[in-house]
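Remarks on the overall topology
Single-letter residue listing:
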Amino acid sequence: MPPDFIPIRNPSGRPAIPAGLPTAPDGVRTQSEHVPSGFPETLEEIQELLREARMVPERSGDTPVRSQAASEETDSNTWALPPVWLLILAVLPFWTVPAAHVISSPETATGLFEYEVPYYLANGRAIWSRGNGFSYPNPYDPDPAHPNLYFHWLLWGIGTATATFQLDPGTVWLGLTFFASLGFSLMTWFLVRFRLPGEHLHKTMFLLACWGGGLLSAAGLVMHLLTGTPSGHRSDLVDLFLSLDPGRGQWFLNWGRNSLLATEAVYHLLVAGAWLAEMRRRHVIGTVFAFLLATTHPWSGLELLLTVVVWRSYCRVKETRRDEQRSASVSLITAVVMLILFLGYYKVWLPSFEQHRQLQHVWELEWTLQALPAFLAYGLIAVPALVRVGAALRQWTGRQAEQLKISGDGDSVRVECGTGTGRTWSEGDSFLCCALAVAAGLSFHDRLIPAVQPIHFTRGYIWMPLFLLGLPVLTRWITFLLHGSLARRAVLIAVLIVGVFDNLTFLVASSQRQLHHASGFRLNTEERTLLALLNERCHHQMVLCDSESLNYLLPAYTDARPWLGHHFNTPSYPQRLQRKEAVFSGHVVHPELVPPEVEILAVNRLTDQAPLRHSQDWVPLRTPGVDWQVWQRTAVGN
């Protein structure tokens, strides 16, 4: 039962809470100035009261803190492992997208089901193909003099698997997605259990944390029905449901959707671990998680480091005892030093190189989160969070909380009445407010300063603090509807359907695109043979392919350097794309237009290659298969 009052014992060992306080009609304890008769006479009764309340006040203050027994029970609940089937069930819906990719064409499916996936694999492989085994250059910059600037341990692991152990990139990615999503699921479970110790709905709330979203798909459907489909445009489910979802849902504004990509699942696993550690004042563990994230991802790393600094600053100001102040100061200084080193690397050292400055200029995009999508994404889950914060504010201002002072035998005690939110305000609530403030500030920084991809800071980092903050309120509401009349249960079912509608429609639409080959990368036998040949014969040589997708996949599968590749990481990509199209225009190769630095051409046999055969600058290489022909320049730069 929720603690409506807080029992304690006085130093003499006698009970300090009367057993028979009069109760108002609404169940709230009334105030009394004297101790009435009827104290519990047995230790068992007192222990029962303590078990129900689970909270006792501090020795010298008014703020409730957990007793030792309750703290041990909460720790046990927090780290209690769920059944494996529940962890799988939480992320199983998100596995439907890669499953649809594989099922759509088992012979050609690569496992690289989203556009950004080859980019991560290419960076990892570059550590060994063009880097020094530790750091690496931009794999989509063909400049052979590009310095080794970047290091990310997660990409190092991916590159080691593909380049050193020669594992198939798609197999590595799908395997990492499977295990990382399970780790993501487990850490999300720990977060929910920490916020709901002993609650009977913790499994339901855990699934809601992974499946829940907002109102983007519902609003998109309404808008589509009102405006209709443009003439001549064949609408698919993405157009039907995801028109208002930024990036057609690919920015992952809610929490659970991030389990879809292996890298995002790892990032969010680390964030959840850091959040949990900081809320439990385990600053050393929080530092480890923050360090791991900061050394493998710039956007989430900055967000987490700022959150930790803000939170630990709050903890330092709040501490009054000298020994605790010293410990809080050390933790804060550690976080500040990590943030300074992080900013020094990304804002000082990397920009000192011209190659990175050019890349950073491309990255400074105004990818912003507009007001309407933000409201639709977070408005639904913000309601219980606002209710909880509002109740706490009323309590702090004296409009909701009641104080009961009991005097007897020289003893006195202060009792907090319930706020109606299921729990008094805790340090976890304060931390979540810090995390929410940092995430919102970064996600909407374009309102104050020039935009640098502000939407990159969303990724569920706004949604999840709101969810966790309002979790006690949401649990009470669901319990009220669940144990009510049939009409209430119908309302509950409708609310739950609306709550998961965003992810449900996103997964159905994304799976449809995979089944129709509208998304993801596929390679037939001839294309795989071509990539194997280029990897064997063209180490570190600059390659230009007749296919735009093959150009992009080159550094993920081979040690060659692509002249054209990633949309945003290839220097001067629009100009290079135009030149590539000119080289192969009219289904004819124009050797005179091939950039002089290109050493290898991979040309589809359906393209007229007669100009190459008549050119003295190019010689054909023996190429297995019938779909592609590889040409090598005889004298580079002529």
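None of the values given here were measured: they were computed from a predicted structure.

**Observations regarding unusual backbone geometry**
Look at glutamine 166: it is not a glycine, yet its phi comes out positive at around 55°. Inspection of the secondary structure puts glutamine 166 in the loop between helix H6 (153-164) and helix H7 (169-195). Classification of glutamine 166 by relative accessible area gives exposed; the value is 52%. Unusually for a residue other than glycine, histidine 517 sits at a positive phi of about 60°. Along the chain, histidine 517 turns up in the loop between helix H20 (486-515) and helix H21 (525-537).

**Quick look at the side chain of threonine 162**
As for its position among the elements, threonine 162 is in helix H6. What threonine 162 contacts, discounting residues up to four positions off in sequence, is Leu121, Arg125, Leu167, Pro169 and Val172.

**Details of the packing of aromatic side chains**
When we look at a pair of aromatic rings, we describe it by the centre distance and by the angle of the planes. Enumeration over the complete set of coordinates arrives at 28 aromatic pairs. Judged by centre distance (5.9 Å) and plane angle (10°), the rings of tyrosine 120 and tryptophan 173 are stacked. Here tyrosine 120 is found in helix H5 (residues 117-129), whereas its partner tryptophan 173 is found in helix H7, with 53 residues between them in sequence. This pair shows no difference in class: tyrosine 120 is buried, exactly as tryptophan 173 is. Between tryptophan 128 and tryptophan 156, the ring centres sit 6.0 Å apart and the planes meet at 50°, which makes this aromatic pair tilted. Taken as a pair, tryptophan 128 in helix H5 and tryptophan 156 in helix H6 lie far apart in primary sequence, 28 residues in all. The aromatic ring of phenylalanine 506 is capped on one face by arginine 257, whose charged end is 4.1 Å from the ring centroid. The ring of phenylalanine 252 is capped by arginine 459, whose NZ or CZ atom sits 5.2 Å from the centre of that ring.

**Digging into the packing of helix H4 (residues 96-104) against H20**
Two numbers describe how H4 lies on H20: the axes approach to 8 Å, and their chain directions differ by 20°. What the angle tells us is that H4 and H20 run roughly parallel. Both H4 and H20 take part in a crossing whose hand is right-handed. Across from Thr96, Val97, Ala100, His101 and Ser104 in H4, the residues of H20 making contact are Leu507, Ser510, Ser511, Gln514 and Leu515.

Criteria and thresholds
- Residues numbered from 1 in each chain as written.
- Predicted model: local features only at pLDDT ≥ 70, side-chain atom pairs only at ≥ 80, totals over all residues.
- Heavy atoms only, no water.
- Helix = DSSP H or I, 4+ residues; strand = E, 2+ residues; numbered from the N terminus.
- Buried < 20%, exposed > 50% of the residue type's maximum accessible area, 1.4 Å probe, protein only.
- Contact = heavy atoms within 4.5 Å.
- Phe/Tyr/Trp six-rings, centres within 6.5 Å; stacked < 30°, edge-to-face > 60°.
- Lys NZ or Arg CZ within 6 Å of the ring centre and 35° of its normal.
- Axes fitted to C-alpha atoms, helices over the stretch in contact; angles between N-to-C directions.
- Parallel < 35°, antiparallel > 145°, perpendicular 65-115°, else oblique.
- Left-handed = near helix turned anticlockwise from the far one by under 90°.

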